[in-house]
Amino acid sequence: MTRTIYVDGKYLPYSQAGVHVEDRGFQFGDAVYEVCEIRSGAIIDERRHLERLERSLNELDMPMRMSHASFGRVIRETIRRNRVRNGFVYIQVSRGAAPRDFLFSGPNVGQTVVVLARALSRATNEAIALKGISVITTPEQRWARVDIKTVMLLASSIAKEKAKAVGAKEAWFVGDDGMVTEGASSNAWIVTMDGELITRPADGHILKGITRTVAMEVAENRGLKLVERAFTVDEAKKAREAFVTSASAGVLPVIQIDGTVIGNGAPGSTATELRQLFHTFAEATL
Ligand code: PDD
């Protein structure tokens, strides 16, 4: 249960935590966010997530008004107040509240910072990973700057609902060129029959996932052949393995794509190994 949420300098009880109705995050989706895993009380890859938050802000001409150290203090205090040992912390920065106006370069636009922490069951996540998940594919309908982690997640929400309706847990977006971009909230990977690990390069059509970056380091360390290139849905369906990566789920095996069974229908050995080794490579800070 989330008890306390940080909103602009104050730790507020859950029921009282709110932002102004004219917040630009609410009216224009003018906000960016990050999600970090909390594992055994430690924050996973905090440095990289804060660096990406800063990049997202910069790309939208918003200054990062709080230092990384201040964010670190607020994140820790929010985790402490909510007594989260395993779960995630969510950080959101919007361009603040102002009378509704498409233009944001006026003098009155501020910033709204929200941090919340929530517990998740590690056992439930492990059980899902042991079984593997199904994904569906759906046309890419997001805006063209998906490299920025904005809260404009409507296309992703709709895609995930579509997945849920057929018992799948994730949706993979597919561009007009027939190439998979990424999951609605994860990066997509396959392992070919030749044992090559394939994931799309950070070419502007995906979010450069932190879990993806760390999983690449694990793969390199294990001597796996990694190729950053786009792949088609057809190639994915014929792959030996498929999996997704995200901060909230880690390395998560995929056993079905649009109802087609991948490999032998069980989580693949590469995905399983990357999942098990992930936390020995990720940075954990208390
Ligand atoms: N998802 N691609 C998209 C579109 C995402 O929303 C996310 C993260 C990723 C993976 O990035 P990372 O490994 O840094 O979490 C890729 C949310 C935050 C999540 O489910 O964790």
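Please read all numbers here as calculations on a predicted model, not as lab measurements.

Caption draft 1: Representation of the environment of asparagine 58. Considering the arrangement of structural elements, one finds asparagine 58 in helix α2 (residues 46-59). Residue classification places asparagine 58 among the partly exposed positions, given a relative accessible area of 45%. Placed 62 residues apart in sequence, asparagine 58 and leucine 120 show a C-alpha to C-alpha distance of 31 Å.

Caption draft 2: Spatial organisation of the packing of α2 against helix α3 (residues 68-81). The geometry of α2 relative to α3 is characterised by a closest axis approach of 11 Å and an angle of 120° between their N-to-C directions. Between α2 and α3, the interaxial angle falls into the category oblique. For the element pair α2 and α3, the recorded crossing hand is right-handed. Every residue of α3 that contacts α2 at Glu46, Leu50, Glu51, Leu53 and Glu54 is listed here: His68, Phe71, Gly72, Ile75 and Arg76. Residue classes in the contact of α2 with α3 are distributed as four nonpolar, two polar and four charged.

Caption draft 3: The pattern of salt bridges, seen in detail. In total, this model carries 25 salt bridges according to the counting rule given. The residue aspartate 30 makes a salt bridge to arginine 24 at a minimum N-O spacing of 2.7 Å. With respect to burial, aspartate 30 and arginine 24 carry one shared label: buried. When the shortest N-O distance is used, the salt bridge between arginine 212 and glutamate 228 registers 2.7 Å. With arginine 212 in helix α6 (residues 210-221) and glutamate 228 in strand β12 (residues 226-228), this residue pair connects regions lying 16 residues apart in the sequence. The exposure class of arginine 212 is buried, given its relative accessible area of 2%.

Caption draft 4: Quick peek at the environment of arginine 229. Along the chain, the position of arginine 229 falls in the loop between β12 and α7 (233-237). C-alpha separation for the pair arginine 229 and arginine 24, spaced 205 residues apart in sequence, amounts to 36 Å. Ignoring anything within four residues of it in the chain, the contact list for arginine 229 reads Thr192, Ile198, Thr199, Arg200, Pro201 and Glu235.

Caption draft 5: Structural view of α3. For α3, which comprises 14 residues, the first-to-last C-alpha distance of 20 Å matches the rise-based estimate of 20 Å (1.5 Å per residue) to within 8%. Buried within α3 are the following residues: Phe71, Gly72, Val74, Ile75, Glu77, Thr78 and Ile79. Taken from the residues just after α3, arginine 83 is the one with a positive phi, measuring 50°.

Conventions we followed
Throughout this description, residue numbers start from 1 for each chain and increase along the sequence as written. Side-chain atom pairs in this predicted model are given and counted only at pLDDT of 80 or more, local residue features only at pLDDT of at least 70, and totals for whole chains, interfaces and linings cover all residues. With hydrogens and water excluded, all non-hydrogen atoms of the structure serve as input to the side-chain values. Here a helix means four or more residues in a row that DSSP labels H or I, a strand means two or more in a row labelled E, and each is numbered from the N terminus. Think of it in three bands: with a 1.4 Å probe and only protein chains considered, a residue is buried below 20% of the maximum accessible area for its type, exposed above 50%, and partly exposed in between. To get an axis, fit a line to the C-alpha atoms, keeping to the stretch in contact for a helix; angles then go from 0 to 180 degrees between the N-to-C directions. An angle below 35 degrees is treated as roughly parallel, one above 145 as roughly antiparallel, one from 65 to 115 as roughly perpendicular, and anything else as oblique. In this scheme the handedness of a crossing depends on how the near helix is turned from the far one: anticlockwise by less than a right angle means left-handed, clockwise means right-handed. In this description, contact between two residues means that some pair of their heavy atoms is separated by no more than 4.5 Å. Polarity classes work like this: nonpolar for Ala, Val, Leu, Ile, Met, Phe, Trp, Tyr, Cys and Pro, charged for Asp, Glu, Lys and Arg, and polar for all others, with Gly in that last group. One speaks of a salt bridge when a side-chain nitrogen belonging to Lys or Arg is within 4 Å of a carboxyl oxygen belonging to Asp or Glu. Expected span of a helix, by definition, is 1.5 Å for each gap between consecutive residues, and there is one gap fewer than residues.

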